[in-house]
Amino acid sequence: VQLQAFGGGLVQPGGSLRLSCVASGSISIINSVNWYRQAAGKERELVATITNGGSTKYADFAKGRFTISRDTKNTVDLQMSSLLPEDTALYSCQASICAPTTGSVWYWGQGTQVTVSS
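Residues numbered from 1 in each chain as written. Predicted model: local features only at pLDDT ≥ 70, side-chain atom pairs only at ≥ 80, totals over all residues. Heavy atoms only, no water.

Draft legend 1. Local environment of the environment of Leu3. Mapped onto the elements of the fold, Leu3 is located in strand 1 (residues 2–6). Along the chain, Leu3 and Cys21 lie 18 residues apart, while their C-alpha atoms are 6.8 Å from each other. (Helix = DSSP H or I, 4+ residues; strand = E, 2+ residues; numbered from the N terminus.)

Draft legend 2. Fine view of the environment of Asn31. Mapping Asn31 onto the fold places it in strand 4 (residues 29–38). Considering only alpha carbons, one finds Asn31 and Val105, 74 residues apart in sequence, at a separation of 9.6 Å. Setting aside chain neighbours within four positions, we find Asn31 in contact with Ile50, Thr51, Asn52, Arg70, Ser96, Cys98 and Ser104. In this structure the side chain of Asn31 is engaged in a polar contact, spanning 3.0 Å, whose partner is the side chain of Ser104. (Contact = heavy atoms within 4.5 Å. Polar contact = N/O pair within 3.5 Å; in protein donor to acceptor, adjacent residues only side chain to side chain.)

Draft legend 3. Molecular detail of the nonpolar core. Grouped together as the largest cluster of nonpolar side chains are 28 residues, with contacts concentrated most on Trp35, Val47, Phe66, Leu78, Met80 and Tyr91. Of all the elements in the fold, those that place two or more residues in this core are strand 1, strand 3 (17–24), strand 4, strand 5 (45–50), strand 7 (66–72), strand 8 (75–80), strand 9 (89–98) and strand 11 (112–116). (Core = buried A, V, L, I, M, F, W, Y, C linked by side-chain atoms within 4.5 Å. Buried < 20%, exposed > 50% of the residue type's maximum accessible area, 1.4 Å probe, protein only.)

Draft legend 4. Broad picture of the state of the cysteines. Scanning the model with the defined rule gives 1 disulfide in all. The side chain of Cys21 participates in a disulfide bridge whose partner is Cys93; the two sulfur atoms lie 2.2 Å from each other. On the sign convention where negative means left-handed, the S-S torsion of about 80° between Cys21 and Cys93 marks this disulfide as right-handed. Taken together, the positions of Cys21 in strand 3 and Cys93 in strand 9 put the pair 72 residues apart, joining distant regions of the chain. The exposure class assigned to Cys21 is buried, which follows from its relative accessible area of 3%. Cys98 takes part in no disulfide bond, and the closest cysteine sulfur to it belongs to Cys21, at a distance of 17 Å. (Disulfide = S-S within 2.5 Å.)

Draft legend 5. Region of interest: the pattern of salt bridges. Enumeration according to the criterion identifies 5 salt bridges in this entry. In this structure, Arg18 engages Asp77 in a salt bridge whose closest nitrogen and oxygen atoms are separated by 3.1 Å. Residue Arg18 is located in strand 3, and its partner Asp77 is located in strand 8; the two are separated by 59 residues in the primary sequence. Residue classification places Arg18 among the partly exposed residues on the basis of a relative accessible area of 41%. Arg37 is paired through a salt bridge with Glu45; the nearest N and O atoms lie 2.7 Å apart. (Salt bridge = Lys/Arg side-chain N within 4 Å of Asp/Glu carboxyl O.)

Draft legend 6. The side chain of Thr49, seen in detail. Looking at the element boundaries, Thr49 is found in strand 5. Within the structure, Thr49 has its side chain in polar contact with the side chain of Asn34 (distance 2.7 Å). Excluding residues that lie within four positions of it along the chain, Thr49 makes contacts with Val33, Asn34, Ser55, Thr56, Lys57 and Ile68.

Draft legend 7. Geometry of the environment of Glu86. Note on placement: Glu86 falls in the loop between strand 8 and strand 9. The spacing of Glu86 and Gly7 is 79 residues in sequence and 18 Å in space, taken between C-alpha atoms.

Draft legend 8. Region of interest: the sheet that holds strand 1. Pairing within the open sheet is antiparallel, and its 4 strands lie in the order 1-3-8-7. Edge strands, defined here as strands with exactly one partner in the open sheet, are strand 1 and strand 7. Strand-to-strand twist in this sheet, taken as the mean axis angle between neighbours without regard to direction, amounts to 15°. The pairing of strand 7 with strand 8 spans 6 bridges and is classified as antiparallel. Counted as the bridge partner of Ser69 is Asp77 from strand 8. (Pairing = 2+ DSSP bridges. Axes fitted to C-alpha atoms, helices over the stretch in contact; angles between N-to-C directions.)

In structure tokens form, the structure reads like this:
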């Protein structure tokens, strides 16, 4: 099982980006998926969560601006709008994945850099 994050880049303040977290391999089911971010010199913080049933939860800074959703069976997106310079960070996804030969295991995808700057 592999988990990869895509979609980062440079965007102007007020702009939008869509990040994707893609799982591949022999997967039975993807349970919860979390998006985290870590800015330079700061601790990693949870951005948003989506459960297998579709329930979502957001950090206060993400409410009203970010939307987490399941795009396909193996893809979870994070749509970010009204971006601010303080949203600049390395964004990573984490997923609880159940494979045929294992129980549920937490996997990390590599980060994708988001830079908000004019």
